[in-house]
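Read off the chains here:
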Amino acid sequence: VQLVESGGGLVQPGGSLRLSCAGSGFTFSSYTMSWYRQAPGKERELVAGVTGAGGTTNYADSVKGRFTISRDNAKNTVYLQMNSLKPEDTAVYYCNARRYITRWYEYWGQGTQVTVSS
């Protein structure tokens, strides 16, 4: 199983980035996919999630209206479009895959750094 994130980098406040996470080794379309982030000295927090078929999304209050999660099951990829970025969005962003079948199956990517700074 692999989750490989890409798209992080340095961006100025007010700018945009799109993160991608490509999954392999599991039935991607059957998993809820989420993005988490962890800033220095803080706990990892949920940013956004999308169900397997893409019909339901959820967002942290801090990113509502600015971030959009989407998925392309044909490409086994989930995206996080981040607009109007703020310095407080600076963190390592992690991709997560999760599914319950008699027990939880959960996988994590290695993370990608997002830095919002002028």
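All of these numbers come straight from a predicted model, not from anything done at the bench.

Colleague: Is there a simple way to explain the nonpolar core in this structure?
Modeller: Generally speaking, soluble globular proteins have nonpolar side chains that are buried together. Residues Met33, Trp35, Val78, Leu80, Met82 and Tyr93 are the most contacted members of the largest nonpolar core, which totals 28 residues. Elements supplying a minimum of two residues to this core: β3 (17-24), β4 (32-38), β5 (45-50), β7 (67-72), β8 (77-82), β9 (91-100) and β11 (112-116). In terms of residue count, β9 provides more of this core than any other element does, 4 residues in total. What Met33 contacts, discounting residues up to four positions off in sequence, is Leu3, Cys21, Phe28, Ala48, Gly49, Val50, Ile69, Arg71, Val78, Cys95, Asn96 and Ala97.

Colleague: I would appreciate a short explanation of the state of the cysteines in the present structure.
Modeller: When the sulfur atoms of two cysteines share a covalent bond, that bond is a disulfide. Following the criterion strictly, the structure yields 1 disulfide and no others. Across a sulfur-sulfur distance of 2.1 Å, Cys21 and Cys95 are joined as a disulfide pair. Between Cys21 and Cys95 the disulfide shows an S-S torsion of about -85°. By sign, it is left-handed. Of this pair, Cys21 sits in strand β3 while Cys95 sits in strand β9, and the two are 74 residues apart along the sequence.

Colleague: Help me out: how do you make sense of the pattern of salt bridges in this one?
Modeller: Applying the stated criterion across every chain yields a total of 5 salt bridges. Of the charged contacts in the structure, one is a salt bridge between Arg37 and Asp89, with a shortest N-O distance of 3.0 Å. Of the two residues, Arg37 sits in strand β4 while Asp89 sits in the loop between β8 and β9, which places them 52 residues apart along the sequence. Each of the two residues, Arg37 as well as Asp89, counts as buried.

Colleague: Explain the packing of aromatic side chains to me, please; I cannot follow it from the model alone.
Modeller: Between two aromatic rings, the relevant description is the distance of the centres plus the angle of the planes. Applying the stated rule across the entire model yields 6 aromatic pairs. Between Phe26 and Tyr31, the aromatic rings sit 4.9 Å apart at their centres with planes inclined by 75°, giving edge-to-face as the arrangement. Take Phe26 and Tyr31: they sit in the same class, and that class is buried. Look at Tyr36 and Trp108: their rings are 5.0 Å apart centre to centre, the planes differ by 65°, and that puts the pair in the edge-to-face class. Of the two residues, Tyr36 sits in strand β4 while Trp108 sits in strand β10 (residues 104-108), which places them 72 residues apart along the sequence. Tyr36 gets classed as buried once you look at its relative accessible area, which sits at 18%. The exposure class of Trp108 is partly exposed, given its relative accessible area of 35%. Through a chain of ring-to-ring contacts, three or more aromatic side chains come together here, namely Phe26, Phe28, Tyr31 and Tyr107. Above the ring of Tyr94, the side-chain terminus of Arg44 is found at 3.8 Å from the ring centroid. A cation over an aromatic ring shows up here: Arg44 above the ring of Trp108, its NZ or CZ 4.6 Å from the ring centre.

Thresholds, definitions, all that
Residues numbered from 1 in each chain as written. Predicted model: local features only at pLDDT ≥ 70, side-chain atom pairs only at ≥ 80, totals over all residues. Heavy atoms only, no water. Core = buried A, V, L, I, M, F, W, Y, C linked by side-chain atoms within 4.5 Å. Buried < 20%, exposed > 50% of the residue type's maximum accessible area, 1.4 Å probe, protein only. Helix = DSSP H or I, 4+ residues; strand = E, 2+ residues; numbered from the N terminus. Contact = heavy atoms within 4.5 Å. Disulfide = S-S within 2.5 Å. Salt bridge = Lys/Arg side-chain N within 4 Å of Asp/Glu carboxyl O. Phe/Tyr/Trp six-rings, centres within 6.5 Å; stacked < 30°, edge-to-face > 60°. Lys NZ or Arg CZ within 6 Å of the ring centre and 35° of its normal.

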